[in-house]
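As a plain string of letters, each chain reads:
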Amino acid sequence: MAAGPQRFSAVQRAIPDISKRMLTQTFRDLERDGLITRTVFPTKPPSVEYQLTTLGMTILEPLAVLVRWADRSHAAIREARRIFDEGN
């Protein structure tokens, strides 16, 4: 959605392990929080697009920092899990 409006099905394809129900609930929560907007187009059947709001755009930079940290830390986290799992 950072690149522009997205249809529900496009987002669902991009996140293959999420159920339709969970994605719907997540979108509702994000819309309620003011992070995305939902636009319904009067087609048959109706088509719906979701887009980040101005507030939603403000999360992109801190999220990018978190993603970089996760990428850098992934090996250490896997190792910590391995050590933990061996001890239990």
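Residues numbered from 1 in each chain as written. Predicted model: local features only at pLDDT ≥ 70, side-chain atom pairs only at ≥ 80, totals over all residues. Heavy atoms only, no water.

Draft legend 1. The overall build of the protein, seen in detail. Along the protein, the regular secondary structure elements total 4 helices and 3 strands. Traced from its N-terminal end to its C-terminal end, the protein shows the element sequence β-α-α-β-β-α-α. A compact globule built from 88 residues would reach a C-alpha radius of gyration of about 12 Å, whereas the protein, at 17 Å, exceeds it by more than 25%. For the protein, restricting intrachain contacts to residue pairs at least 6 apart in sequence, the fraction spanning at least 24 positions comes to 30%. Of the accessible surface of the protein, which amounts to about 7,100 Å², a share of 58% is contributed by carbon and sulfur atoms. Distance from the positive charge centre (13 side chains) to the negative charge centre (10 side chains) of the protein: 8 Å. (Helix = DSSP H or I, 4+ residues; strand = E, 2+ residues; numbered from the N terminus. Rg over C-alpha atoms; globule rule 2.2 N^0.38 Å. Contact = heavy atoms within 4.5 Å. Areas by Shrake-Rupley, 256 points an atom, 1.4 Å probe, with all protein chains shown as cover. Lys, Arg positive; Asp, Glu negative; His and termini not counted. Charge placed at Lys NZ, Arg CZ, Asp CG, Glu CD.)

Draft legend 2. Structural context of the nonpolar core. Of all hydrophobic cores here, the largest spans 9 residues; its members are F8, V11, I18, L23, F27, I36, V48, Y50 and L52. Elements with a minimum of two residues in this core: α1 (8–14), α2 (20–32) and β3 (47–52). It is β3 that provides the largest number of residues to this core, a total of 3 residues. Sequence-distant contacts of I36, that is, excluding residues within four places in its chain, are made with M1, F27, L30, E31, Y50, Q51, L52 and T53. (Core = buried A, V, L, I, M, F, W, Y, C linked by side-chain atoms within 4.5 Å. Buried < 20%, exposed > 50% of the residue type's maximum accessible area, 1.4 Å probe, protein only.)

Draft legend 3. How the structure looks around the layout of surface pockets. The space that makes up the largest pocket amounts to roughly 200 Å³. Around the largest pocket, the lining comprises 15 residues; the ones closest to its centre are M1, V11, I15, F27 and L30. Those elements that provide at least two residues to the lining of the largest pocket are α1 and α2. The leading source of residues in the lining of the largest pocket is α2, at 4 residues. Tallied by class, residues from the lining of the largest pocket come to 12 nonpolar, 3 polar and no charged. (1 Å grid on protein atoms, 1.4 Å probe; cavity = no way out; pocket = protein on both sides within 12 Å on 5 of 7 lines; lining within 4 Å. Points joined across faces, edges and corners; volume = space filled by probe spheres on them. Nonpolar A, V, L, I, M, F, W, Y, C, P; charged D, E, K, R; others polar.)

Draft legend 4. Spatial organisation of helix α4 (residues 60–87). Look at α4: 38 Å from first C-alpha to last across 28 residues, which is about the 40 Å you get at 1.5 Å a residue. Along its length, α4 shows its largest kink, about 55°, at S73. (Expected span 1.5 Å × (residues − 1). Bend = angle between axes of the 7 residues up to and from the residue.)

Draft legend 5. Broad picture of the packing of aromatic side chains. Summed over the entire model, instances satisfying the criterion amount to 2 aromatic pairs. Measuring from ring centre to ring centre gives 5.9 Å for F8 and F27, while their planes differ by 75°; the resulting arrangement is edge-to-face. Taken together, the positions of F8 in helix α1 and F27 in helix α2 put the pair 19 residues apart, joining distant regions of the chain. In terms of burial, F8 and F27 fall into one category: buried. (Phe/Tyr/Trp six-rings, centres within 6.5 Å; stacked < 30°, edge-to-face > 60°.)

Draft legend 6. Expanded view of the UniProt feature "domain: HTH hxlR-type" (unreviewed entry) in the protein. The positions UniProt marks with the feature "domain: HTH hxlR-type" (unreviewed entry) are residues 1–78. Secondary structure content for residues 1–78 is 55% helix and 18% strand, and the end C-alpha separation is 30 Å. (UniProt positions renumbered as here; feature names shortened; annotations may be inferred.)

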